[in-house]
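Each chain, written out:
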Amino acid sequence: MTGDSPAVTVGWLDATGGISGDMFLGACVDAGADLAVLHSVVAALGLTDAITLDARTVHRGGLRATQVLVRCAPAAEQPARGLGDILGLLDASGLDPVVRRRSADVFRALGAAEAHVHGRPVEQIHFHEVGALDSIADVVGAVAALRALGIERLVCSPLSLGGGRIGTAHGAIPLPGPAVLELVRASGAPAAGGPVDTELATPTGVALAVTLAESFGAMPLMRTTAVGLGAGGREIHGHPNVARLVVGQSDLAGAGPAHGARHGNSVILETNVDDLDPRLWPPTLEALLAGGAADAWLTPILMKKGRPAHTLSVLCEPDAVDRVRDVLFRHTTSIGVREHSVTKTALARRTLRVEVAGGQVGVKVASSHGEVVNVSVEHDDVLALAASSGLPPKVILDLAHAAATSHLRPGC
C-alpha cells in the first residue's frame, strides 16, 4: 500500500462463528467503541430508566471476548411492538440522524422478512423478541458503535447459521429460522447451515449484517488497527461462540477504491454500422449481453457521404472480449471492430425487494462512504407487476421508488 493514496477505515465482520445483536455489539466494544456511546444511545431513546448496560470479559472456546449485557428493568413495559412503533420510537429520539436512519433500515429489513414469512402485510406484524427494548438497544447500539469506530465500509464473511430446532413464541421451529433464511434470501448474502446443531445466527444479528455490510467475502487487504471479539451468551462445545470485527486502514492502491467503490479495467468494443436492418438491433443487443457483455448501446452518427448510421459500443471484462467480439460479428454486418481499455468505477451495491401493490419489486441500492446514494428499481419487475396488478407501469415505478427511498430522507 502506498502512503499517498487516501485512506479509508474498513471493517471486516467475521460471522463464521455466528452473529447476534449482542455479539455484534460486543465485537464493536472490544474493538474500541466506548461504552459511553451505548449509554448515550439509551439516553437518546429515552430508555435510561428501562435499560441497563454493562460489559465484561468472558471466554468462549478458549478465546477472550467481550460480552455486552443489555438488560431491561423489571418494571419496564414490554408490549408487542410493530414496525411502526419502533420507527416512531426512533423518530422521537435524539439520535444522530445517520444512526437513526440506518437503525430504521435494520428494522425495516426485519419487518419485511417477518411479513414474508407470515404472509401478512408488514403493518400487521408484531415483533416478539426483536421488539423488546433490549433488542432495540442492541440494534441502535451496534449502529452507533460502528459509526463511533469511524468505519466507512463494512465487509462481512459468509454467515454461519447453525441448525437443529429452537423454541419461539410460535412454537418450536427448525433452524436456520424462517426469518433468518428470508433475510439472507432477500439480501443475497452468502450463508450456510451448521457447523453445529444449535442457533448461531439470530434475526437481529443477520439483519444488522446484511443491512450494514456493503459486500461479503474474505477479509479485505488492510492495515489492521484493531480486532474485537464479541461473545454470545452460551458456551458451545467445540465451537467458539464469537463474532470478530477487524478494523483497519485501506487505500486505493491496496484494498480497492475508497468508500466501497471498486475500480477495474474493462474493454470497450466499437464499430460503425450503416447497413443493418434497424429491426435487428434489439435482438443484437440482447445477444451481446447474453454473450458476456456488461453493457451495450447505440449512438446515432452521420458517416461519410451523409449516410445515417450507428456506433455500436460494447463494454465487457477482458476475459470476455473474444466471446463478445464473436457475437458482434455474427449478429451485425460489421467487418471490423475497434477496441480500447477503460477504467471503470463501480459503487458497492446490493439488491433488495420491496412490497408494493400486492407484489415484490427488486431494487438496486448503491452506497458510497457507507451511505446509500442511489436507488434503482428493476424495470422488468415493474412490467411484470404492472401486468399482474392491472396498474400502469409508471404507477408501480413510483410506488417502488417511494418505498425504497422513504428511509433515505433526512431525519428518517
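What counts and what doesn't
- Residues numbered from 1 in each chain as written.
- Predicted model: local features only at pLDDT ≥ 70, side-chain atom pairs only at ≥ 80, totals over all residues.
- Heavy atoms only, no water.
- Pairing = 2+ DSSP bridges.
- Helix = DSSP H or I, 4+ residues; strand = E, 2+ residues; numbered from the N terminus.
- Axes fitted to C-alpha atoms, helices over the stretch in contact; angles between N-to-C directions.
- Core = buried A, V, L, I, M, F, W, Y, C linked by side-chain atoms within 4.5 Å.
- Buried < 20%, exposed > 50% of the residue type's maximum accessible area, 1.4 Å probe, protein only.
- Contact = heavy atoms within 4.5 Å.
- Polar contact = N/O pair within 3.5 Å; in protein donor to acceptor, adjacent residues only side chain to side chain.
- Disulfide = S-S within 2.5 Å.
- pLDDT = per-residue confidence, 0-100.
- Salt bridge = Lys/Arg side-chain N within 4 Å of Asp/Glu carboxyl O.

## Here we look at the sheet that holds strand 20 (residues 371-377)
Reading across the sheet, the three strands line up as 18-19-20 and stay open at both edges, with antiparallel pairing between neighbours. Edge positions in the sheet fall to strand 18 (348-356) and strand 20, since each of these pairs with one other strand and no more. This sheet shows a mean twist of 30 degrees between the axes of neighbouring strands, independent of strand direction. Sheet analysis places strand 18 next to strand 19 (residues 359-368), joined by nine bridges and oriented antiparallel. The residue of strand 19 that forms the bridge with arginine 353 is glycine 362.

## Thoughts on the nonpolar core
Ile19, Phe24, Leu154, Leu159, Val206 and Leu245 are the most contacted members of the largest nonpolar core, which has 65 residues in total. The biggest single contributor to this core is helix 5 (residues 133-148), with ten residues. Look past the residues within four positions of leucine 154 in its chain and what remains in contact with it is Gly11, Trp12, Leu13, Phe24, Leu146, Leu212, Ala213, Glu214, Ser215 and Leu245. Listed in part, the 17 residues of the second largest apolar core include Val267, Leu276, Val314 and Ala320.

## A few points about the side chain of threonine 66
Tracing the backbone through its elements, the reader meets threonine 66 in strand 3 (residues 63-72). At 2.6 Å, the side chain of threonine 66 forms a polar contact with the side chain of aspartate 30. Discounting chain neighbours no more than four positions away, the residues touching threonine 66 are Gly26, Val29, Asp30, Ala55, Arg56, Leu229, Gly230 and Ala231.

## Quick word on the environment of methionine 303
Examined against the element boundaries, methionine 303 turns out to sit in the loop between strand 15 (295-302) and strand 16 (308-316). Each C-alpha atom of the pair methionine 303 and leucine 149 lies 58 Å from the other, and the pair is 154 residues apart in sequence. The contacts of methionine 303, once residues within four sequence positions are left out, are Asn272, Asp274 and Ala309.

## Section: unusual backbone geometry
At the junction of leucine 175 and proline 176, the peptide bond is cis and its omega measures out at 0 degrees in the coordinates. One can find proline 176 in the loop between strand 9 (171-175) and helix 6 (178-187). Proline 195 follows glycine 194 through a cis peptide bond whose omega is 5 degrees. Mapped onto the elements of the fold, proline 195 is located in the loop between strand 10 (191-192) and helix 7 (203-212). One non-glycine residue with positive phi stands out, namely lysine 305, at about 65 degrees. Judged by relative accessible area, which is 78%, lysine 305 ranks as exposed. The phi dihedral of alanine 357 falls on the positive side, at around 50 degrees, and the residue is not glycine. One can find alanine 357 in the loop between strand 18 and strand 19. Residue alanine 357 is classed as partly exposed on the basis of its relative accessible area of 37%.

## So, the state of the cysteines
For the structure shown, the criterion picks out zero disulfides. The cysteine cysteine 28 is free of any disulfide, with cysteine 156 supplying the nearest cysteine sulfur at 12 Å. Free cysteine: cysteine 72, not disulfide-bonded; nearest cysteine sulfur from cysteine 28 at 20 Å.

## Here we look at the confidence of the model for the chain
When pLDDT is averaged along the chain, the result is 86, and 90% of the positions lie at 70 or above. Here residues 252-260 is modelled with pLDDT under 50, and outside its nearest four sequence neighbours on either side it reaches 28 contacts, counting other chains as well.

## Side note on the pairing of strand 16
Judged by how many residues are buried, strand 16 sits mostly within the fold: seven of nine residues are covered. Where strand 15 and strand 16 come together, eight bridges link them in antiparallel fashion. Counterpart to leucine 302 in the pairing with strand 16 is proline 308. Between the end of strand 15 and the start of strand 16, which pair antiparallel, lie five residues, with lysine 305 showing a positive phi angle near 65 degrees.

## A short note on the pattern of salt bridges
Pairs can form between side chains of opposite charge once their charged atoms are near each other. This structure, assessed with the given rule, holds eleven salt bridges. Ionic pairing is found between aspartate 277 and arginine 279, a salt bridge with its closest N-O pair at 2.8 Å. Residue classification places arginine 279 among the exposed residues on the basis of a relative accessible area of 69%. Taking the shortest distance from any N to any O, the salt bridge between aspartate 326 and arginine 330 comes out at 3.0 Å. Note that aspartate 326 and arginine 330 are positioned in helix 9 (residues 321-331) at a spacing of four residues, about one turn of the helix. The exposure class of arginine 330 is exposed, given its relative accessible area of 55%. Shared partners join several salt bridges into a network, and the residues in it are Asp322, Arg325 and Glu339.

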